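This is what each chain is made of:
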Amino acid sequence: MNSPQKVAIVTGAASGIGKSVAERYAQEGVAVVLSDVNQELGTQAAEQIRQAGGQATFVLADVSRPTDCEQMVAFVLEHHGRLDYACNNAGIGGEQNHTADLSIEGWQQILAINLSGIFYCMKYQIPAMLKSDGGAIVNMASILGQVGFAGAAGYVAAKHGVVGLTQAAALEYAPQGIRINAVGPGFISTPMIHELEENPELNSALVALHPIGRLGRSEEVAELVIWLSSEKASFVTGAYYPVDGGYLAR
Ligand code: NAP
């Protein structure tokens, strides 16, 4: 992954896990295009990478809008002429309610961003990668792509969908040199869960779900994404890799 010509897209790159992934791609010498709905933080994140000596640009895109995803990939091709890696990471926690109380709008919003968003991104990334002789895609699932969690039916359904979508696409494009995998973080200390962390009782309960005895860090997820993107993972596709402090082993 040392060629300066390699190019990556990271969605949801203004914050948390996506920001760490973008930073790690840049450290590997990859030109990274950060994408997010948060223009201010996304622009800042790209600037920080450039100040650290990396190559980075920001493009505004809402992954729940197919045209934004198409334009995001067109931007990458226009500015870099190729696409080698994508980390489809943008996501939200969404409405927390038991199934019968979950609003229709809450269900539709979480499916639109956390599941359809990944489909829209891949729909436009895959043809771009085929033009660059293949590539690697890492989709951000969750431990909740493998097991349930009360009060998060929409999130759980979307993340299970991400794992299935990853497997189907991996089968389709393996012969053409595109590897597609999913990552399943446990609870990671990012702005997405800061509200939960600020409640001492809830925080202790969350920590207790992770045998390692703490929540994860964004950098620990980024490390797995970088490995899955790299040639070191050349025989890995259609897989789901947890990075969860032992959460799923309980
Ligand atoms: P985060 O810190 O909130 O970062 C997510 C970023 O995505 C934010 O900048 C957010 O912008 C952006 N975003 C939201 N909706 C978007 C959209 N429609 N299009 C483009 N960007 C959008 O969250 P994180 O914890 O890093 O989460 C990243 C991914 O990891 C998500 O897919 C999440 O489900 C997954 N994950 C997280 C955890 C965890 O415990 N943190 C665990 C398992 C999986 P705004 O802040 O402006 O909304």
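All values derive from a computational prediction rather than experimental measurement.

Student: Any chance you could explain the site of the ligand here in plain terms?
Tutor: Taken together, 29 residues lie around the ligand, and Ser 15, Asn 89, Tyr 155, Ile 188 and Thr 190 are the ones closest in. Take Val 63: an N or O atom from its main chain is 3.0 Å from a nitrogen atom of the ligand. At a separation of 2.8 Å, an oxygen atom of the ligand approaches a polar backbone atom of Ile 188. In isolation the ligand offers 890 Å² of accessible surface; the protein chains occlude 88% of this area. Judged by the proximity of its atoms to the pocket grid, the ligand belongs to the largest pocket. In terms of residue class, the shell around the ligand is built from 17 nonpolar, nine polar and three charged.

Student: Help me out: how do you make sense of the pairing of strand E5 (residues 135-140) in this one?
Tutor: The side chains of a regular strand alternate, first on one face of the sheet and then on the other. In terms of burial, E5 is a largely internal element, six of the six residues being buried. The alternating pattern of E5 places Gly 135, Ile 137 and Asn 139 and Ala 136, Val 138 and Met 140 on opposite faces, both of which are buried. Where strand E4 (residues 85-88) meets E5, four bridges bridge the pair, whose relative direction is parallel. If you follow Ala 86 over to E5, its bridge partner there is Ile 137. Running through helix H4 (residues 104-131), the crossover from E4 to the neighbouring parallel element E5 is right-handed. Strand direction decides the pairing type here: E5 and strand E6 (residues 178-185), joined by six bridges, are parallel.

Here is what the cut-offs are and how they apply
Every chain is numbered on its own, with residues counted from 1 as its sequence reads. Reporting of local features is limited, given that this is a predicted model, to residues whose pLDDT is at least 70; pairs of side-chain atoms are given and counted only at 80 or more, and all residues count toward the totals for whole chains, interfaces and linings. Hydrogens are left out, water is left out, and the side-chain values use all remaining heavy atoms of the structure. We call a residue near a molecule or strand whenever a single non-hydrogen atom of that residue lies within 4 Å of it. Two N or O atoms count as a polar contact when they lie within 3.5 Å, although within protein this holds only if one can serve as hydrogen donor and the other as acceptor, and sequence-adjacent residues are included solely when both atoms are side-chain atoms. What sets the accessible areas is the Shrake-Rupley method with a 1.4 Å probe; for residues, cover comes only from the shown protein chains. Both cavities and pockets are sets of points on a 1 Å grid over the protein atoms alone; in a cavity a 1.4 Å probe fits but cannot get out, in a pocket the set is open with protein on both sides within 12 Å along at least five of seven lines, and lining residues sit with an atom within 4 Å of a point. Whether a molecule sits in a cavity or pocket is decided by its atoms, more than half of which must lie within 2 Å of the grid points. Gly falls in the polar group here, along with every residue not listed as nonpolar (Ala, Val, Leu, Ile, Met, Phe, Trp, Tyr, Cys, Pro) or charged (Asp, Glu, Lys, Arg). To sort residues, take the accessible area from a 1.4 Å probe on protein chains only and compare it with the maximum for the residue type: under 20% means buried, over 50% means exposed, and anything in between is partly exposed. For helices the rule is a DSSP run of H or I covering at least 4 residues; for strands it is a run of E covering at least 2, with both sets numbered from the N terminus onward. In short, DSSP must find at least two bridges between two strands for them to pair. Crossovers are described as right-handed under a simple rule: with the strands pointing away from the observer, the path leading from the first strand over the helix to the second runs clockwise.

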